[in-house]
Amino acid sequence: MLGAHDKASVPPLSPREDGIFYVNGVDYHFLSGTNYTVVVAAHSVANRKFLGVKVRILNNGQQSVTVRPEDVRVEDAVAGREVAAISGAELANKMRRPYNWSRYAVSAAAGPAPAAGDGLETADQQHSDLMRAMRQMASQMDNAPPVLSTRSFTETDGEPDSAIAPQAMLSDEVSHLRMKEASRPDVLMQLQRQVSPDYVERTSFLANTIPPRADVDGVFYYPMGKLARNPATAKKAAKSRIVRVTVPVGEENFQFMLAVE
């Protein structure tokens, strides 16, 4: 008891081992604590230049809880160091720069680089084609149905669907969480394709207060170049990078180990 009082300021880790389910080939890990459930998935995005970590937090308790993006930590488990996040707004601004567009989003639309002997007219034409492709792609993505709701948290009329009953079996919980992730277009899958900067910014994780029986979700971004490869598996497996994701929610701490594709 004395030891518990001494460490009262440190949120306890959730006692359960994480479960796993799959949506569109992406593995989703989840942990359920006393009042909250956290679902996490990770995949390379934006032409494999960044790691996208999708986090969903479900409030199964009776009180609202506030979650801030800066509280979520991602550590490189191979190198043993924390990795600094880049906000969705900052990444979107990088993508809006013409010289970064092909690197992060639309390499197919940009076309080949001009040859050394091409004149100024050819370079101008290719630049015009690139800008036209950028505008067209942005228009298509802005007109597409958003992956995330425009509301900051899940809210339904009548009986909410976000809470998991305390007496629910593991199979019921997996089915509930998988249905929630599969009910909308998969943001991680979309981010592996050609997307607009507005889409990246719109789907990023923002600070939120989660009411009881509601949930929030969003994506965190980290530079892939900052992650070390495991020398023992780098030449044999795609998942040679390992990250440790820690999500504090209220008085609980949820921690996951994820292989990165």
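Residues numbered from 1 in each chain as written. Predicted model: local features only at pLDDT ≥ 70, side-chain atom pairs only at ≥ 80, totals over all residues. Heavy atoms only, no water.

Colleague: Quick question: what am I supposed to make of the overall build of the chain here?
Modeller: What the chain contains, in helices and strands, is eight helices and eleven strands. For the chain, with 261 residues in total, the buried portion stands at 41%. Within the chain, counting contacts between residues at least 6 apart in sequence, those at least 24 apart form 66% of the total. For the chain, the accessible area works out to roughly 14,000 Å², and carbon and sulfur atoms hold 51% of it. (Helix = DSSP H or I, 4+ residues; strand = E, 2+ residues; numbered from the N terminus. Buried < 20%, exposed > 50% of the residue type's maximum accessible area, 1.4 Å probe, protein only. Contact = heavy atoms within 4.5 Å. Areas by Shrake-Rupley, 256 points an atom, 1.4 Å probe, with all protein chains shown as cover.)

Colleague: Where do I start with the sheet that holds strand β3 (residues 36-45) in this structure?
Modeller: Backbone hydrogen bonds hold the strands of a sheet together, and the pairing may be parallel or antiparallel. If you walk across this open sheet you meet the five strands as β1-β2-β3-β4-β9, and the pairing is antiparallel. On the outer flanks of this sheet lie β1 (19-23) and β9 (214-223), each paired with one strand and no other. Going from strand to strand, the sheet's axes swing by 20° on average, the running direction of each strand aside. Note that strand β4 (residues 50-59) and β9 share ten bridges and pair antiparallel. (Pairing = 2+ DSSP bridges. Axes fitted to C-alpha atoms, helices over the stretch in contact; angles between N-to-C directions.)

Colleague: Before we go on, may I ask you to explain the packing of aromatic side chains in this structure?
Modeller: Each aromatic ring pair is summarised here by two numbers: the centre-to-centre distance and the angle between the ring planes. One pass over the full model with this rule turns up three aromatic pairs. Between the aromatic rings of F205 and F220, the centroid separation amounts to 5.0 Å while the plane-to-plane angle is 20°, which identifies the pairing as stacked. Note that F205 is positioned in the loop between α8 (197-202) and β8 (208-210) and F220 in strand β9, a separation of 15 residues in sequence. You can call F220 buried: its relative accessible area is 7%. Through successive ring pairs, a cluster of aromatic residues spans F21, Y28 and F30. (Phe/Tyr/Trp six-rings, centres within 6.5 Å; stacked < 30°, edge-to-face > 60°.)

Colleague: I keep staring at the environment of F254 and nothing clicks. Help me out?
Modeller: Relative to the helices and strands, F254 is located in strand β11 (residues 252-260). Residue class for F254 comes out buried when judged on its relative accessible area of 0%. Considered as a pair, F254 and V72 are 182 residues apart in the sequence and their alpha carbons are 9.8 Å apart.

Colleague: Even after reading the chapter, I still don't get the environment of Y199, so can you show me in this structure?
Modeller: Here Y199 lies in helix α8. Judged by relative accessible area, Y199 falls into the buried class, the value being 2%. Sequence separation between Y199 and A92 is 107 residues; the distance between their C-alpha atoms is 8.3 Å.

Colleague: So what exactly am I meant to see when it comes to the pattern of salt bridges here?
Modeller: Proximity of charged atoms lets side chains of opposite charge pair with each other. The final tally for this structure, using the stated rule, is nine salt bridges. A salt bridge links R68 to E70; the shortest N-O distance between them is 3.9 Å. Since its relative accessible area comes to 56%, E70 is described here as exposed. Here D215 makes a salt bridge to K180, at a shortest N to O gap of 3.4 Å. Remark: K180 occurs in helix α6 (residues 170-182) and D215 occurs in strand β9; sequence separation between them is 35 residues. In terms of burial, D215 and K180 fall into one category: buried. Where salt bridges share partners, they join K54, R56, K180, E181, D215 and D217 into one cluster. (Salt bridge = Lys/Arg side-chain N within 4 Å of Asp/Glu carboxyl O.)

Colleague: Would you mind going over unusual backbone geometry with me for this structure?
Modeller: Comment: phi is negative for the bulk of residues other than glycine, and the bulk of peptide bonds are trans. Unlike most non-glycine residues, A46 shows phi in positive territory, near 50°. Of note, A46 is situated in the loop between β3 and β4. Its relative accessible area of 7% is what places A46 among the buried residues. In this model, N47 sits at a positive phi of 55°, which is unusual for a non-glycine residue. With respect to the secondary-structure elements, N47 resides in the loop between β3 and β4. What makes N47 partly exposed here is its relative accessible area of 33%.

Colleague: Quick question: what am I supposed to make of the pairing of strand β6 (residues 73-76) here?
Modeller: Moving residue by residue along a regular strand, the side chains alternate between the two faces of the sheet. Side-chain alternation along β6 places V74 and D76 on a buried face and R73 and E75 on a face that remains uncovered. Examined bridge by bridge, β6 and strand β10 (residues 241-249) share four bridges and lie antiparallel to one another. Note on β10: the bridge partner recorded for V74 is V245. Taken together, the two bridges between β6 and strand β7 (residues 81-82) define a ladder with antiparallel strand orientation.

Remember that the coordinates give geometry; whether it matters functionally is a separate question.
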